[in-house]
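# Observations on the model geometry
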Amino acid sequence: MIDQLYRKAVLTVAGQKTIEHVVRSRGWGVAQRFVAGESVQTALGAVQELRRDGILGNLDLLGEFVASPDRANEFADKVLNLLDEAHAAGVPGYVSVKLSSVGQGQTVAGADLGLTNARRIVGRAKQYGGFVCLDMEDHPRVDVTLSQFRTLVGEFGAAHVGTVLQSYLYRSEADRAALDDLHPNLRIVKGAYLEPETVAMPDKADVDASYRRLVYAHLSAGNYVNVATHDESIIRDVQHYVLAHGISKDAFEFQMLYGVRRDLQRQLAAEGYRVRAYIPYGRDWYPYFSRRIAERPANVMFVLRGMLRG
Ligand SMILES: Cc1cc2nc3c(=O)[nH]c(=O)nc-3n(C[C@H](O)[C@H](O)[C@H](O)COP(=O)(O)OP(=O)(O)OC[C@H]3O[C@@H](n4cnc5c(N)ncnc54)[C@H](O)[C@@H]3O)c2cc1C
């Protein structure tokens, strides 16, 4: 409950235009703890650096909801360019995309633009043997995202497109079971958005218990799981679960965010687990950065100290 209140307070303050203006103009130095630069080249450099520690990359061009079809198409073109540049640099084309950034909810030529652009992106990734994960955003987008995911798996195969379930949502266990026929590659997260209690569990203990149930159920159904968390007690429990159930290390991977628990990422990779870091880059870093700050009280002090130092 306290975690929820903290998150709510930070995200509400971060949503105010004056705060956004100050942080955007003075906070880039601090944001770089979580964001791998502004250009494709710096992001590819970050993948190559992580590779030296045996950690894989998941590239994310930062950007969220855009209201105009032209901007959505432009954003999708940039993701295509990222895939091309990654391919040219010999970096695997593993990317994450928020469908709201490529036009989800906007109808163009009788079709949802988010789906049209996702087809272009997943098609290009498949051409390079890559993979696209459809990030999960706030709860009003869950139905449409899962339905578009189903369409994309039908067209491109589950080896090239995956999506995310958030354990704080009451609905996620039922959503997971309903996707089983696709044998989908799912990333399980706790959830990062400000959600009402009518749809999301307010207590951390419930969110954590739901997280474990989702991971165990998806593994037991024989599906590939991206265990995306920095929570060491969950990571330990997953390690015990797979050992006890004879599940191979190839059936799942651990995923963490760039700049968070790099020590743990290295340690797991050294122990022979597949580990992937989510590497965001780009100019539109503010919403992503706000969610990271809202995850941990110590991060607010980190930001304030960093900004005061200039
Ligand atoms: C690879 C990846 C992809 C994600 N994709 C999505 C998505 O598509 N949709 C979505 O809603 N959410 C997404 N998230 C965010 C997720 O929902 C959580 O908000 C975030 O991972 C924090 O939760 P936690 O599981 O680490 O557990 P928590 O219980 O929040 O944290 C456990 C411990 O991890 C450390 N930690 C956690 N967060 C931070 C931080 N920001 N800074 C420093 N330390 C921290 C702390 O030591 C903390 O005690 C993603 C997370 C990851 C790792």
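Residues numbered from 1 in each chain as written. Predicted model: local features only at pLDDT ≥ 70, side-chain atom pairs only at ≥ 80, totals over all residues. Heavy atoms only, no water.

Turning next to the site of the ligand. As a matter of local geometry, the ligand sits amid 26 residues, with G191, K204, T229, H230 and E295 nearest to it. One nitrogen or oxygen atom from the side chain of H230 is found 2.7 Å from an oxygen atom belonging to the ligand. One of the side-chain nitrogen or oxygen atoms of N299 is found 2.9 Å away from a nitrogen atom of the ligand. In the complex, the protein chains occlude 87% of the 930 Å² of accessible area that the ligand would expose alone. (Near = heavy atom within 4 Å. Polar contact = N/O pair within 3.5 Å; in protein donor to acceptor, adjacent residues only side chain to side chain. Areas by Shrake-Rupley, 256 points an atom, 1.4 Å probe, with all protein chains shown as cover.)

Residues D3, E197, D203 and D206 make up a contiguous surface patch of negative charge. Summarising the element assignment, D203 is placed in the loop between β7 (186–189) and α9 (204–220). (Patch = residues over 30% accessible without salt bridge, like charges linked within 9 Å, V, L, I, M, F, W, Y side chains within 5 Å. Salt bridge = Lys/Arg side-chain N within 4 Å of Asp/Glu carboxyl O. Lys, Arg positive; Asp, Glu negative; His and termini not counted. Charge placed at Lys NZ, Arg CZ, Asp CG, Glu CD. Helix = DSSP H or I, 4+ residues; strand = E, 2+ residues; numbered from the N terminus.)

This part is about the pairing of strand β10 (residues 275–281). Most of β10 sits out of view: 7 of its 7 residues are buried. Neither face of β10 is exposed, since V275, A277, I279 and Y281 on one face and R276, Y278 and P280 on the opposite face are all buried. The pairing of strand β1 (residues 56–61) with β10 spans 6 bridges and is classified as parallel. From the neighbouring strand, L61 faces β10, where its bridge partner is Y281. Where strand β9 (residues 252–257) meets β10, 4 bridges bridge the pair, whose relative direction is parallel. Paired with M256 across the bridge in β10 is A277. Remark: the β9/helix α11 (residues 262–270)/β10 crossover connection has right-handed handedness. (Buried < 20%, exposed > 50% of the residue type's maximum accessible area, 1.4 Å probe, protein only. Pairing = 2+ DSSP bridges. Right-handed = clockwise from strand over helix to strand, strands pointing away.)

It is worth spelling out the UniProt feature "binding site: FAD" (unreviewed entry) in the protein chain at this point. Taking the numbering used here, the UniProt-annotated feature "binding site: FAD" (unreviewed entry) corresponds to M136, Q166, K190, G191, A192, K204, T229 and H230. Within the secondary structure, A192 is located in the loop between β7 and α9. Classification of A192 as buried rests on a relative accessible area of 13%. Those residues within four positions of A192 in sequence are excluded, and the remaining contacts are R7, L11, Y168, R291, R292 and E295. Along the chain, K204 falls in helix α9. (UniProt positions renumbered as here; feature names shortened; annotations may be inferred. Contact = heavy atoms within 4.5 Å.)

With the rule as written, the count across this model stands at 10 aromatic pairs. Geometrically, the ring pair formed by Y216 and Y241 is stacked, given 4.0 Å between the ring centres and 5° between the ring planes. Placement of the pair is Y216 in helix α9 and Y241 in helix α10 (residues 232–244), with a sequence separation of 25 residues. Between F254 and Y273, the aromatic rings sit 5.4 Å apart at their centres with planes inclined by 65°, giving edge-to-face as the arrangement. Of this pair, F254 sits in strand β9 while Y273 is found in the loop between α11 and β10, placing the two residues 19 residues apart along the sequence. Both residues of the pair, F254 and Y273, count as buried. Here the aromatic residues W28, F34, W285, Y286 and F289 are joined through ring pairs into a cluster of three or more. The side chain of K249 reaches across the aromatic face of Y273, ending 4.5 Å from its centre. The cationic tip of R276 hangs over the ring face of Y94; the distance from NZ or CZ to the ring centre is 3.7 Å. (Phe/Tyr/Trp six-rings, centres within 6.5 Å; stacked < 30°, edge-to-face > 60°. Lys NZ or Arg CZ within 6 Å of the ring centre and 35° of its normal.)

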